[in-house]
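Geometric and topological summary
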Amino acid sequence: LYKTITSVTKSAALHDSRFTPITKNELPELHIKLSILSPVTAISSYKKIKVGNHGVIIKHQGKSALFLPEVPNEFGWDRVTMLKKLGEKAGIPEHSWKDAEYEI
């Protein structure tokens, strides 16, 4: 686990195309937060999701997106809003989470 954390942290700090690389001068102000995920388990109903407790992945036809457990709490989302935003992030229809073809 520590090897993976080291590798992923370095990659995020220096090679994430969404952000400029971290500089040496920024290190004293840098705070690192880790999320270590348990094995993924499919659920039979979106109603089983405990907002703020469960991370959620949605998958369909090669598209997928993930929210860590803290994401809906940070934005004040309820379960339905979180699922709509997750579908949006994955690039799939807004109400796809209601369809049995989608894996949650």
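Before any of the text, the structure's been laid out above.
Notes on the structure follow. It should be emphasised that the depicted structure is a prediction, and the values quoted were computed from it without experimental measurement. (Residues numbered from 1 in each chain as written. Predicted model: local features only at pLDDT ≥ 70, side-chain atom pairs only at ≥ 80, totals over all residues. Heavy atoms only, no water.)

A word on the overall build of the protein chain. Counting its regular elements, the protein chain contains three helices and two strands. Moving toward the C terminus, one meets the helices and strands of the protein chain in the order α-β-β-α-α. Computed over the C-alpha atoms, the radius of gyration of the protein chain is 16 Å, more than 25% above the 13 Å expected from 2.2 N^0.38 for a compact globule of 104 residues. Along the three orthogonal principal directions, the C-alpha set of the protein chain runs to about 50 × 25 × 25 Å. Within the protein chain, the proportion of its 104 residues that are buried is 20%. (Helix = DSSP H or I, 4+ residues; strand = E, 2+ residues; numbered from the N terminus. Rg over C-alpha atoms; globule rule 2.2 N^0.38 Å. Buried < 20%, exposed > 50% of the residue type's maximum accessible area, 1.4 Å probe, protein only.)

Attention now goes to the pairing of strand β1 (residues 56-60). A one-sided burial pattern is seen for β1, the buried positions being V56, I58 and H60 and the unburied ones I57 and K59. Examined bridge by bridge, β1 and strand β2 (residues 63-67) share five bridges and lie antiparallel to one another. Paired with I57 across the strands is L66, a residue of β2. Hairpin connection, β1 to β2: the antiparallel pair is bridged by two residues, and Q61 has positive phi, about 45°. (Pairing = 2+ DSSP bridges.)

This next bit is on the pattern of salt bridges. All told, the structure shown has one salt bridge when counted by the stated rule. Across the pair R18 and D16 runs a salt bridge whose closest N-O atoms are separated by 2.7 Å. Given a relative accessible area of 66%, R18 falls into the exposed group. (Salt bridge = Lys/Arg side-chain N within 4 Å of Asp/Glu carboxyl O.)

The next thing to look at is the nonpolar core. Ranked by internal contacts, the top residues of the largest apolar core, which has 15 residues, are V56, I58 and M82. Among the elements of the structure, β1, β2 and α3 (79-90) are those that each provide at least two residues to this core. Apart from residues no more than four positions distant in its own chain, V56 is found in contact with I49, A65, L66, F67, M82, L83, L86 and I104. (Core = buried A, V, L, I, M, F, W, Y, C linked by side-chain atoms within 4.5 Å. Contact = heavy atoms within 4.5 Å.)

Here we come to the environment of P21. Looking at where P21 falls in the secondary structure, it is placed in the loop between α1 (2-15) and β1. You can call P21 partly exposed: its relative accessible area is 46%. Taking the C-alpha atoms as reference points, P21 and E70, separated by 49 residues in sequence, lie 25 Å from one another.

By the definition in use, this model includes two aromatic pairs. Considering the side-chain rings of F67 and W77, the 5.5 Å spacing of their centres and the 45° angle between planes classify their relative orientation as tilted. With a gap of 10 residues between them, F67 in strand β2 and W77 in the loop between α2 (70-75) and α3 connect regions that are remote in the sequence. A residue is classified by how much of its surface remains accessible, and F67, at 8% relative accessible area, is buried. Residue class for W77 comes out buried when judged on its relative accessible area of 17%. Aromatic side chains F75 and W77 sit 4.8 Å apart centroid to centroid with 15° between the ring planes, which places their arrangement in the stacked category. F75 gets classed as exposed once you look at its relative accessible area, which sits at 54%. (Phe/Tyr/Trp six-rings, centres within 6.5 Å; stacked < 30°, edge-to-face > 60°.)

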